Amino acid sequence: MFLVVAAWAAAAAGTASAAGYTGPLFDAHLHYNEEAWNGSTGPHPPADVVARMQASGVRAIVANSRPNTGSLALAGSALAKDAGIAVVPFVRLYRNRADYTNWFRDETIYDMVQAELARGTPAGPYRGIGEFHLYDSSNADGPVAKKLMVLAEQRDLVVLAHVDDDAIDRLMAHSPTQGQKLRMVWAHTGIGGAPVERVDALMARYPRLVGELSYRPGLTCDGGQLCPAWRALIAKYPTRFVIGSDTWVNQRWQHYESLMADYRVWLGGLPPALARQVAWDNAAGLFGVARRD
């Protein structure tokens, strides 16, 4: 295992050096679902995924998994601790795939969230709720969705939401401060590719909205660098964007190192201070993770 890790690390270091950004990465959208490892079997046991993170220069992660036992495994992993990888655990709303389309009105989901928050994790208390999906933005007005937004703001939990721009407005409206204090990470900064102008307007309206950039349509242009409109938007809101792997299927784990290397390409095209903010500082500040060099 050591030789494999060393080889991965050398390859990753070479890519980072060529791309320009060589600092630590904070993977703010990571899943360790049961298809990858169910606690006893699977193609990606803890040793494999920790090695991939370490080789890629990932020094902290947000873990949210279906079911939550995957995140608990990473939070309690001696391998992750020994590798210097901080684990920030979230309560995911899915016990199984059926919950994807019904969580927003299922009171047993709210009960599960409260039970998970009460018991905590081997890495300490849960820090957020999600990732959750809304395939119809009107479902943001479901009774459980409303209650969870109130709970998140009251307990200062971060919400990780895979939703469109209309649902952002709806979810924020349910918080006690109408979105002025609710901390929300917008997965992919909008499904379906909300226009940059719309993203800009939502960032201006909700001061604690953060954009996560995996799978974002139109983000990069030729050569893997940021497209001009996105470069300008990130420069306008330098503390409001983070990166993530979104390992929702095993194929994403199989290509984890290349996903992180792609980030290093366009991060290397930013001014160094801004690259460091997007790659590490913004997520680290959001979750109170110590600085890594």
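Conventions used here
- Residues numbered from 1 in each chain as written.
- Predicted model: local features only at pLDDT ≥ 70, side-chain atom pairs only at ≥ 80, totals over all residues.
- Heavy atoms only, no water.
- Disulfide = S-S within 2.5 Å.
- Buried < 20%, exposed > 50% of the residue type's maximum accessible area, 1.4 Å probe, protein only.
- UniProt positions renumbered as here; feature names shortened; annotations may be inferred.
- Helix = DSSP H or I, 4+ residues; strand = E, 2+ residues; numbered from the N terminus.
- Expected span 1.5 Å × (residues − 1).
- Contact = heavy atoms within 4.5 Å.
- Axes fitted to C-alpha atoms, helices over the stretch in contact; angles between N-to-C directions.
- Parallel < 35°, antiparallel > 145°, perpendicular 65-115°, else oblique.
- Nonpolar A, V, L, I, M, F, W, Y, C, P; charged D, E, K, R; others polar.
- Phe/Tyr/Trp six-rings, centres within 6.5 Å; stacked < 30°, edge-to-face > 60°.
- Core = buried A, V, L, I, M, F, W, Y, C linked by side-chain atoms within 4.5 Å.
- Pairing = 2+ DSSP bridges.

An unreviewed UniProt entry lists the protein under the name Amidohydrolase-related domain-containing protein, with Paracidovorax wautersii as the source organism.

Novice: What am I meant to see in the state of the cysteines here?
Specialist: When the sulfur atoms of two cysteines share a covalent bond, that bond is a disulfide. Enumeration according to the criterion identifies 1 disulfide in this entry. Bridging Cys221 to Cys227, the disulfide has an S-S length of 2.0 Å. An S-S torsion of about 125° defines the bridge between Cys221 and Cys227 as right-handed. Cys221 sits in the partly exposed class, given a relative accessible area of 37%.

Novice: Which parts of the structure should I look at to understand the UniProt feature "domain: Amidohydrolase-related" (unreviewed entry) in the protein?
Specialist: Cross-referencing UniProt, the feature "domain: Amidohydrolase-related" (unreviewed entry) maps to residues 142–288 in the present numbering. When the span residues 142–288 is considered, its composition is 50% helix and 10% strand, and the gap between its end C-alpha atoms is 31 Å.

Novice: Please explain helix H11 (residues 256–267) as it appears in this structure.
Specialist: In an α-helix, one full turn covers 3.6 residues, which means residues spaced three or four apart are oriented alike. An ideal rise of 1.5 Å per residue puts 16 Å on 12 residues; H11 measures up with 17 Å between its terminal C-alpha atoms. Counted residue by residue, H11 has 9 buried out of 12 residues, so it is predominantly covered. Among the residues of H11, Tyr256, Glu257, Leu259, Met260, Ala261, Tyr263, Arg264, Trp266 and Leu267 are the ones counted as buried.

Novice: Before we go on, may I ask you to explain the environment of Val50 in this structure?
Specialist: Following the sequence through the fold, Val50 ends up in helix H2 (residues 46–55). Through-space distance from the C-alpha of Val50 to that of Pro122 is 17 Å; in sequence the pair is 72 residues apart. Excluding anything up to four places from it in sequence, Val50 contacts Ser77, Leu79, Ala80, Ala83 and Ile85.

Novice: Please explain the packing of helix H8 (residues 196–205) against helix H9 (residues 228–236) as it appears in this structure.
Specialist: Between H8 and H9, the shortest axis-to-axis distance is 11 Å and the interhelical angle comes to 5°. With respect to each other, H8 and H9 are oriented roughly parallel. Counting all contacts with H8, which are made through Val196, Val199 and Asp200, the residues of H9 involved are Ala229, Trp230, Leu233 and Lys236. In terms of residue class, the contact of H8 with H9 is built from 5 nonpolar, no polar and 2 charged.

Novice: It is not clear to me how the packing of aromatic side chains should be interpreted in this structure. Could you clarify?
Specialist: Applying the stated criterion to the full structure yields 10 aromatic pairs. Seen from their ring centres, Trp103 and Phe104 are 5.9 Å apart, and the 80° between their planes marks the pair as edge-to-face. Since its relative accessible area comes to 0%, Trp103 is described here as buried. Residue classification places Phe104 among the buried positions, given a relative accessible area of 5%. Ring geometry for Trp230 against Phe241: centres 6.2 Å apart, planes inclined by 80°, an arrangement best described as edge-to-face.

Novice: Explanation requested: unusual backbone geometry in the structure shown.
Specialist: Negative phi is the rule for most residues except glycine; trans is the rule for most peptide bonds. Looking along the chain, the bond that leaves Arg66 and enters Pro67 is cis, with omega of -10°. Note that Pro67 resides in the loop between strand E2 (58–63) and helix H3 (69–75). The backbone of Thr189 sits at a positive phi, close to 45°, despite the residue not being glycine. Along the chain, the position of Thr189 falls in the loop between strand E6 (184–186) and H8. Unusually for a residue other than glycine, Tyr215 sits at a positive phi of about 60°.

Novice: Please clarify how the nonpolar core should be interpreted in this entry.
Specialist: It is characteristic of soluble globular proteins that their nonpolar side chains tend to be buried jointly. Formed by 80 residues in total, the largest nonpolar core has its most connected members in Trp103, Phe132, Leu148, Leu171, Met184, Trp266 and Leu267. Residues within four places of Trp266 in sequence aside, it is in contact with Leu213, Leu219, Thr220, Gly224, Gln225, Leu226, Ile243 and Val278. Within the second largest apolar cluster, 19 residues are counted, among which are Ala60, Ala86, Val210 and Trp280.

Novice: I'm lost on the sheet that holds strand E5 (residues 158–162) in this one. Help?
Specialist: What holds strands together in a sheet is hydrogen bonding between their backbones, with the strands either parallel or antiparallel. Pairing is parallel in the open sheet, where 8 strands are placed in the order E1-E2-E3-E4-E5-E6-E7-E8. Each edge of the open sheet is held by one strand with a lone partner, namely strand E1 (25–30) and strand E8 (241–242). Of the strand pairs in this sheet, strand E3 (residues 86–91) and strand E4 (residues 128–133) are connected by 2 bridges, and their pairing is parallel. If you follow Phe90 over to E4, its bridge partner there is Gly128. Helix H6 (residues 143–154) contacts E4, E5 and E6 of the sheet and is inclined by roughly 150° relative to E4. Each of E1, E2 and strand E7 (209–212) touches H11; the most contacted strand, E1, lies at about 125° to it.

Novice: Got a minute to help me understand the pairing of E1 in this structure?
Specialist: Within a regular strand, the side chains alternate between the two sheet faces. Across the 6 residues that make up E1, a large majority, 6, are buried. As judged from the 4 bridges shared by E1 and E2, these two strands associate in the parallel manner. By the bridge assignment for E2, Leu25 is matched with Val58.

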